[in-house]
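Here's the letter readout for the chains.
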Amino acid sequence: MTDAASPSTGVSPRTQRLKSRLRARYARETRFRWYGRAAIGVALAFLVILLGSIVTQGYTAFYAHTVTLPVYMDPARIDRSYPQGANFEQIVAEQQIRRLGIQDDAQGTKASTMKALLSSELKFQAAKMIARQPSLLGQTVPVAAPLSDDAEMYLKGKITRDQPEDQRRVTNEQMDWLDRMKASGAVRAHFNSALFTKGDSTQPELAGLLGAVVGSALMLMVTALIAIPVGVGAAVWLEEYSPRNRITAIIEVNINNLAAVPSIVYGLLGLALFINFMHLPRASPLVGGLVLALMALPTIIIATRSSLKAVPPSIREAALAMGASRTQTVFGHVLPLAMPGVMTGAIISMAHALGETAPLLLIGMISFVPGVPHAIDEPVGALPSLIYIWENASERAFHERTAAAILVLLAFMIVMNAAAVLLRRRFERRW
């Protein structure tokens, strides 16, 4: 028995109900699609805001200003046998004050004010020139050196005249001097190559990333040499050789749980085991690499096991049917086919380890380490810990370098993740 059609529409009530439910279902699907698009839009907006704030704060660190001034190498004030002992900053400041036509007082107040605009690197540059060529004494030669961090902040627009003079570290008089030197061509902007060629420094205008980059590279080398072979070996044994019993089930559960353990716990383990018990060098790439290897192991094991599971059983059966042993089957057929997933998991785990900060702070990588390390047992810094140190520094010029270091770290991580994607697409096989 069917429902009678409605006199007004000619459609039965049952059909109307079906159409109404169908319209409601289509409406829900449409709303769900818009919810998904809105969620993606919000995520992208936050990402743009985050990257925009970092780039806005840090792009100025990629260029710097150098002042080039003619300096009279006064033999009366510079010892030929020990030029490093001369106060070149004071000499240059006094000569520049006179060159600008400014009369100084007996206490040298104007010269001291001018000296505050010059980096201490100037005295090292001038001393090197005299050490290489003692004949320069008594001559006027051009000397190029960075400006101080406060002068840099003014020239980069981070300090302006709109701010009250008592609330900034550059006076109106110093701003006038900088403007005059810039107009005369003595001050020039250039790419800040020192950011990538020098180690850390207590002076922002001289601080660079090279020491931290080398330290991170040494740590990742130790991490890769330990975590990848051990992780892949453990995954192969668990997936291909281990018996299915309660012990292996407990091991698998604990591996999955270790992947979710906060990284600071690994830092505490490294502090207690490697430093306090084994007495390994504190804040060294060796200890940092061991800690990061412990943290990367669960990720590598899980990724490798997933790749091994993805290889069809027919591959194993065919190899065994042709007379291959269990080991020949695993290492000659199964593991090579699973290698794209294994490499992807290893690279992603290394990228994760590169960005970790908490474990490094607990093993001592929070102290000031100048220079560039040359061995895995020397105290070093790392990019994440350097970012933490610079952000907590009192000098404002360090903050722009913090953002620049974050951009460099993000670039390394993007390259590593892109390499993982490319390797997977290049070598993976679809079954």
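What counts as what
Residues numbered from 1 in each chain as written. Predicted model: local features only at pLDDT ≥ 70, side-chain atom pairs only at ≥ 80, totals over all residues. Heavy atoms only, no water. Phe/Tyr/Trp six-rings, centres within 6.5 Å; stacked < 30°, edge-to-face > 60°. Helix = DSSP H or I, 4+ residues; strand = E, 2+ residues; numbered from the N terminus. Buried < 20%, exposed > 50% of the residue type's maximum accessible area, 1.4 Å probe, protein only. Core = buried A, V, L, I, M, F, W, Y, C linked by side-chain atoms within 4.5 Å. Contact = heavy atoms within 4.5 Å. UniProt positions renumbered as here; feature names shortened; annotations may be inferred. Domains from an automatic or database assignment. Buried area = accessible area lost by both parts, 1.4 Å probe. Salt bridge = Lys/Arg side-chain N within 4 Å of Asp/Glu carboxyl O. Patch = residues over 30% accessible without salt bridge, like charges linked within 9 Å, V, L, I, M, F, W, Y side chains within 5 Å. Areas by Shrake-Rupley, 256 points an atom, 1.4 Å probe, with all protein chains shown as cover. Polar contact = N/O pair within 3.5 Å; in protein donor to acceptor, adjacent residues only side chain to side chain. Axes fitted to C-alpha atoms, helices over the stretch in contact; angles between N-to-C directions. Left-handed = near helix turned anticlockwise from the far one by under 90°. Nonpolar A, V, L, I, M, F, W, Y, C, P; charged D, E, K, R; others polar. Pairing = 2+ DSSP bridges. Expected span 1.5 Å × (residues − 1).

## Re the packing of aromatic side chains
1) Next: Enumeration over the complete set of coordinates arrives at 3 aromatic pairs.
2) Next: Considering the side-chain rings of F62 and F196, the 6.1 Å spacing of their centres and the 25 degrees angle between planes classify their relative orientation as stacked. Taken together, the residues span a long stretch of sequence, with F62 in the loop between α1 (13-58) and β1 (63-72) and F196 in helix α7 (residues 194-197) at a distance of 134 residues.
3) Next: Overall, the relative accessible area of 23% leaves F62 in the partly exposed class.
4) Next: Ring geometry for F191 versus F196: centroids 6.1 Å apart, planes at 10 degrees, classification stacked.
5) Next: The exposure class assigned to F191 is exposed, which follows from its relative accessible area of 53%.

## So, the nonpolar core
1) Next: With 53 residues, the main nonpolar core has L209, A227, V287, M350, I363, M365 and W390 as its most contacted residues.
2) Next: Once residues lying within four places of it in the same chain are set aside, the contact partners of V287 are F274, I275, L280, P281 and I363.
3) Next: The next biggest cluster of nonpolar side chains, apart from the first, holds 41 residues, and it includes F88, I102, L137 and M175.

## Section: the UniProt feature "transmembrane region" (unreviewed entry) in the chain
1) Next: Those residues carrying the UniProt feature "transmembrane region" (unreviewed entry) are residues 34-55, 209-238, 258-280, 286-308, 329-354 and 403-423 in this numbering.
2) Next: Span residues 258-280 is 70% helix and 0% strand, its end C-alpha atoms 24 Å apart.

## Quick look at the domain arrangement of the chain
1) Next: Under the domain assignment, the chain is made up of domain 1 (65-191) and domain 2 (209-427).
2) Next: Using C-alpha coordinates to define each centre, domain 1 is positioned 47 Å away from domain 2.
3) Next: Taken together, the contacts link 7 residues of domain 1 with 4 residues of domain 2.
4) Next: Carbon and sulfur atoms make up 47% of the area that domain 1 and domain 2 hide from each other, which totals about 470 Å².
5) Next: Interface area lost by domain 1 to domain 2 is led by D149, M153 and K158, which between them contribute 70%.

## Observations regarding the pattern of salt bridges
1) Next: By the definition in use, this model includes 13 salt bridges.
2) Next: With a closest N to O distance of 3.0 Å, E239 and R305 form a salt bridge. Residue E239 is located in helix α8 (residues 210-241), and its partner R305 is located in helix α11 (residues 285-310); the two are separated by 66 residues in the primary sequence.
3) Next: In this structure, R316 engages E240 in a salt bridge whose closest nitrogen and oxygen atoms are separated by 2.8 Å. Highlighted residues: R316 in helix α12 (residues 313-321) and E240 in helix α8, separated in sequence by 76 residues.
4) Next: Because the salt bridges share partners, they merge into one network encompassing E152, K156, K158, E400 and R401.

## Here we look at a nonpolar patch on the surface
1) Next: Nonpolar side chains collect at one region of the surface, where I40, L44, L47, L50 and L51 lie side by side and expose about 450 Å² of accessible area between them.
2) Next: Within the element layout of this structure, L44 appears in helix α1.
3) Next: Residue classification places L44 among the partly exposed positions, given a relative accessible area of 49%.

## Things to note about the environment of P134
1) Next: By the secondary structure assignment, P134 is in the loop between α4 (121-132) and β2 (140-146).
2) Next: P134 gets classed as partly exposed once you look at its relative accessible area, which sits at 31%.
3) Next: The sequence separation of P134 and P83 amounts to 51 residues, and the corresponding C-alpha distance is 9.2 Å.

## Comments concerning the side chain of T60
1) Next: Structurally, T60 is set in the loop between α1 and β1.
2) Next: Ignoring anything within four residues of it in the chain, the contact list for T60 reads K156, K158 and E400.

## Remarks on the environment of R316
1) Next: For R316, a relative accessible area of 18% puts it in the buried group.
2) Next: Sequence-wise, R316 and F277 are 39 residues apart; in three dimensions their C-alpha atoms are separated by 45 Å.
3) Next: Dropping the residues within four chain positions of it, R316 is found in contact with E240, L308, V311, T329 and V334.
4) Next: Within the structure, R316 has its side chain in polar contact with the backbone oxygen of V311 (distance 3.1 Å).

## Topic: the environment of G332
1) Next: Within the secondary structure, G332 is located in helix α13 (residues 326-354).
2) Next: In sequence terms G332 and A319 are 13 residues apart; their C-alpha atoms lie 9.1 Å from each other.

## Remarks on the packing of α12 against α13
1) Next: Between α12 and α13, the least distance of the axes is 10 Å, while the angle of their chain directions is 145 degrees. Handedness of the crossing formed by α12 with α13: right-handed. For the pair formed by α12 and α13, the contact residues are I315, R316, A319 and L320 on the first element and R326, T329, H333, V334 and L337 on the second.
2) Next: Looking at side-chain class alone, the contact of α12 with α13 contains 5 nonpolar, 2 polar and 2 charged residues.

## Some points on the pairing of β2
Look at any regular strand and the pattern is simple: side chains alternate between the two faces of the sheet.
1) Next: Only one face of β2 is covered, namely the face carrying V141, V143 and A145; the face carrying T140, P142, A144 and P146 is uncovered.
2) Next: Looking at chain direction, β1 and β2 are connected through 7 bridges and run antiparallel. The partner of T66 across the bridge, within β2, is P146.

## Quick notes on α4
1) Next: Here α4 is 12 residues long and its end C-alpha atoms lie 17 Å apart, about the 16 Å a rise of 1.5 Å per residue gives.
2) Next: The set of residues buried in α4 consists of E121, L122, A126, A127, M129 and I130.
3) Next: Looking at the buried positions of α4, the neighbouring elements they touch are α2 (88-99) and β2.

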